[in-house]
Amino acid sequence: MYDVIIVGAGFAGSVLAHKLATRQNKKVLIIDKRPHIGGNCFDSIDEHGILIHNYGPHLFHTDSQKVWTFLSQFTSWHNYHHKVEGFIDGHYVPIPFNLNTLHKLFPRFMAESIEKNLVETYGYGKKVTILELQKTADKDLRFIADFIYEKIFLHYSAKQWGKKIEELDPAVSARVPVAISKDDRYFHDPFQAMPQEGYAKLFENMLSHENIEIRLNTEFKDILRIEGENFIFEDRLLEGEVVFTGMIDELFDFRFGTLPYRSIELVFENHETDSFQNATTTNYPNDYDYTRITEFKKMYDAKHESTTIAKEYPQEFVYGKNTPYYPIFTDENQKRYEEYKKYAQSFKNLTLVGRLAEYKYYDMDDIVLRALEVFEERFADA
Ligand code: UDP
């Protein structure tokens, strides 16, 4: 018998598997319905020899020394600071919107005057969310706020979420604040890098331990069933723990209704050219049906004769058809999630962790930190 059954081999499940196996000598079974570990972070070498992210671009960045130190046990790092351009009014400009973006889109006298106003109002180096900037009473700042809202957020968010940003949790648009600076990087965290040999290798190293058994191509429902407030594992009452990182509504047979997600269809293309675009990612807020194009080789400064890109087409998540990527933040969805969460508390040996199980828009570093915390709170000294 195993001490812990972990459903899902993404960051949440894999970090806990590693900790439980190495720190507490627990016998862990980690299962995943996919044919690989790593969840949506999974990467692989495509037929052109280029390392691609099979479930869309994953750029590692964190301000947590703890997360950085933990992950550095499993990988060395390729120094990389992510840059994104947006195609706005026929120009490729830095995203998030910053003072360089301002100068690229407006005549000099106008850009200089708005820059002065922004710096005097908010301070150089500060970041302001678009929802915050829109509250300004100043006429000129209001003009630039409306411009940024319309040209960068409105149509992108309509494609990405099928909603306006003000209908979503403010934290969503706050991920890409307006920067009162000339720093063109997408993230400003002190630690930013790509795993030298990719994410799949990082996960392989994290899960490589004699106490960890990995079963791929395995649906949790095929080995785990709920009876009352207990789990039955392969027809025997499970004495150990369950760590579930999948969709919480699926775990409980959708008894309180479905929790909506946004999905993405990724379309990969290989082009016979050294470079497809200027930045690693180009956002298209106002043109085309896709939101952005990512060119993978640029993350590693890799030399190849051709280049592979991925276009992202956001779409509604349909159970059994495509992959859930993003929980959708609305009050109604949050309430439904709370019902599931409350119900889950009646299971003594169940721990829910991860984007899908907690219905939360975690970044990679957030979920590593969360899993480390869950280990300390729930399992350490157990
Ligand atoms: N966003 C936008 N325009 C952009 C970039 C981002 O409207 O050019 C909004 C959009 O709602 C998006 C959110 O900001 O979902 C967060 O963007 P981020 O790049 O962090 O999304 P992720 O990489 O997680 O998909």
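For the structure, see preceding data.
Before going into details, it helps to say that this report is about the structure given with it. (Residues numbered from 1 in each chain as written. Predicted model: local features only at pLDDT ≥ 70, side-chain atom pairs only at ≥ 80, totals over all residues. Heavy atoms only, no water.)

### What about the pattern of salt bridges?
Reasoning step 1: Within the structure shown, the criterion is met by 23 salt bridges.
Reasoning step 2: Across the pair Asp 363 and Arg 175 runs a salt bridge, and its minimum N-O distance is 3.0 Å. You can see Asp 363 sitting in the loop between strand 22 (350-352) and helix 12 (364-379) and its partner Arg 175 sitting in the loop between helix 7 (170-174) and strand 10 (178-179), a full 188 residues away along the chain.
Reasoning step 3: Using a relative accessible area of 18% as the deciding quantity, one classes Asp 363 as buried.
Reasoning step 4: For Glu 332, the salt bridge goes to Arg 336, with nearest N and O atoms at 3.9 Å. Of the two residues, Glu 332 and Arg 336 are both situated in helix 11 (residues 331-344); the distance of 4 residues between them amounts to about one turn of the helix.
Reasoning step 5: The exposure class of Arg 336 is partly exposed, given its relative accessible area of 24%. (Salt bridge = Lys/Arg side-chain N within 4 Å of Asp/Glu carboxyl O. Helix = DSSP H or I, 4+ residues; strand = E, 2+ residues; numbered from the N terminus. Buried < 20%, exposed > 50% of the residue type's maximum accessible area, 1.4 Å probe, protein only.)

### Side note on the sheet that holds strand 11 (residues 191-195)
Reasoning step 1: One open sheet accounts for 3 strands, arranged 5-11-6; its pairing is antiparallel. Each edge of the open sheet is held by one strand with a lone partner, namely strand 5 (61-62) and strand 6 (77-79). (Pairing = 2+ DSSP bridges.)

### Examining the site of the ligand
Reasoning step 1: In the vicinity of the ligand lie 14 residues, with Trp 161, Arg 175, Tyr 186, Tyr 326 and Tyr 361 positioned nearest.
Reasoning step 2: In this structure, Phe 153 approaches the ligand through a main-chain N or O atom, which is 3.5 Å from an oxygen atom.
Reasoning step 3: With respect to the ligand, the side chain of Asn 283 contributes an N or O atom lying 2.9 Å from an oxygen atom.
Reasoning step 4: In isolation the ligand exposes 530 Å². Once the protein is present, 93% of that is buried.
Reasoning step 5: A per-class count over the shell around the ligand returns 9 nonpolar, 3 polar and 2 charged. (Near = heavy atom within 4 Å. Polar contact = N/O pair within 3.5 Å; in protein donor to acceptor, adjacent residues only side chain to side chain. Areas by Shrake-Rupley, 256 points an atom, 1.4 Å probe, with all protein chains shown as cover. Nonpolar A, V, L, I, M, F, W, Y, C, P; charged D, E, K, R; others polar.)

### Description of helix 12
Reasoning step 1: For helix 12, which comprises 16 residues, the first-to-last C-alpha distance of 21 Å matches the rise-based estimate of 22 Å (1.5 Å per residue) to within 8%.
Reasoning step 2: Packed against the buried residues of helix 12 are helix 1 (11-24), strand 5, helix 2 (65-71), helix 8 (199-207), strand 16 (241-244) and strand 22.
Reasoning step 3: Immediately downstream of helix 12, the backbone of Asp 381 shows phi near 60 degrees, a positive value. (Expected span 1.5 Å × (residues − 1). Contact = heavy atoms within 4.5 Å.)

### Description of the packing of helix 4 (residues 108-122) against helix 6 (residues 139-161)
Reasoning step 1: With their axes 10 Å apart at the nearest point, helix 4 and helix 6 run at an angle of 105 degrees to one another. By the angle class used here, helix 4 and helix 6 are roughly perpendicular. Seen from helix 4, the contacting residues are Met 110, Ile 114, Asn 117, Leu 118, Thr 121 and Tyr 122; seen from helix 6, they are Asp 140, Leu 141, Phe 143 and Ile 144.
Reasoning step 2: Classifying every residue of the contact of helix 4 with helix 6 gives 7 nonpolar, 2 polar and 1 charged. (Axes fitted to C-alpha atoms, helices over the stretch in contact; angles between N-to-C directions. Parallel < 35°, antiparallel > 145°, perpendicular 65-115°, else oblique.)

### Remarks on unusual backbone geometry
With glycine set apart, most residues show a phi of negative sign, and most peptide bonds adopt trans.
Reasoning step 1: With an omega of -5 degrees, the peptide bond between Ile 95 and Pro 96 qualifies as cis.
Reasoning step 2: Structurally, Pro 96 is set in the loop between strand 8 (91-95) and helix 3 (99-105).
Reasoning step 3: Of note, the phi angle at Asn 217 is positive, near 50 degrees, even though the residue is not glycine.
Reasoning step 4: Positionally, Asn 217 belongs in the loop between strand 12 (212-215) and helix 9 (220-223).
Reasoning step 5: The phi dihedral of Tyr 359 falls on the positive side, at around 50 degrees, and the residue is not glycine.
Reasoning step 6: With a relative accessible area of 1%, Tyr 359 lands in the buried category.

### Focus on the nonpolar core
Reasoning step 1: Ranked by internal contacts, the top residues of the largest apolar core, which has 122 residues, are Phe 11, Leu 16, Leu 71, Ile 148 and Leu 350.
Reasoning step 2: If one sorts the elements of this core by residue count, helix 6 sits on top with 10 residues.
Reasoning step 3: Apart from residues no more than four positions distant in its own chain, Phe 11 is found in contact with Cys 41, Leu 71, Leu 202, Phe 203, Met 206, Met 364, Ile 367 and Val 368.
Reasoning step 4: Counting 5 residues, the second-largest nonpolar core is a separate cluster that includes Tyr 284, Tyr 290, Ile 293 and Ile 309. (Core = buried A, V, L, I, M, F, W, Y, C linked by side-chain atoms within 4.5 Å.)

### Some words on helix 1
Reasoning step 1: An ideal rise of 1.5 Å per residue puts 20 Å on 14 residues; helix 1 measures up with 19 Å between its terminal C-alpha atoms.
Reasoning step 2: For helix 1, the complete set of buried residues consists of Phe 11, Ala 12, Gly 13, Ser 14, Val 15, Leu 16, Ala 17, His 18, Lys 19, Leu 20, Ala 21 and Gln 24.
Reasoning step 3: Asn 25 sits one or two residues past helix 1 and shows a positive phi near 55 degrees.

### Some points on the packing of aromatic side chains
Reasoning step 1: All chains considered together, the criterion is met by 33 aromatic pairs.
Reasoning step 2: On the numbers, 5.7 Å between centres and 80 degrees between planes, the contact of Phe 256 with Tyr 343 is edge-to-face. One end of the pair, Phe 256, is in the loop between helix 10 (248-251) and strand 17 (261-271); the other, Tyr 343, is in helix 11, with 87 residues separating them in the sequence.
Reasoning step 3: We classify Phe 256 as partly exposed; its relative accessible area is 25%. (Phe/Tyr/Trp six-rings, centres within 6.5 Å; stacked < 30°, edge-to-face > 60°.)

Just geometry here; none of it tells us what the structure is for.
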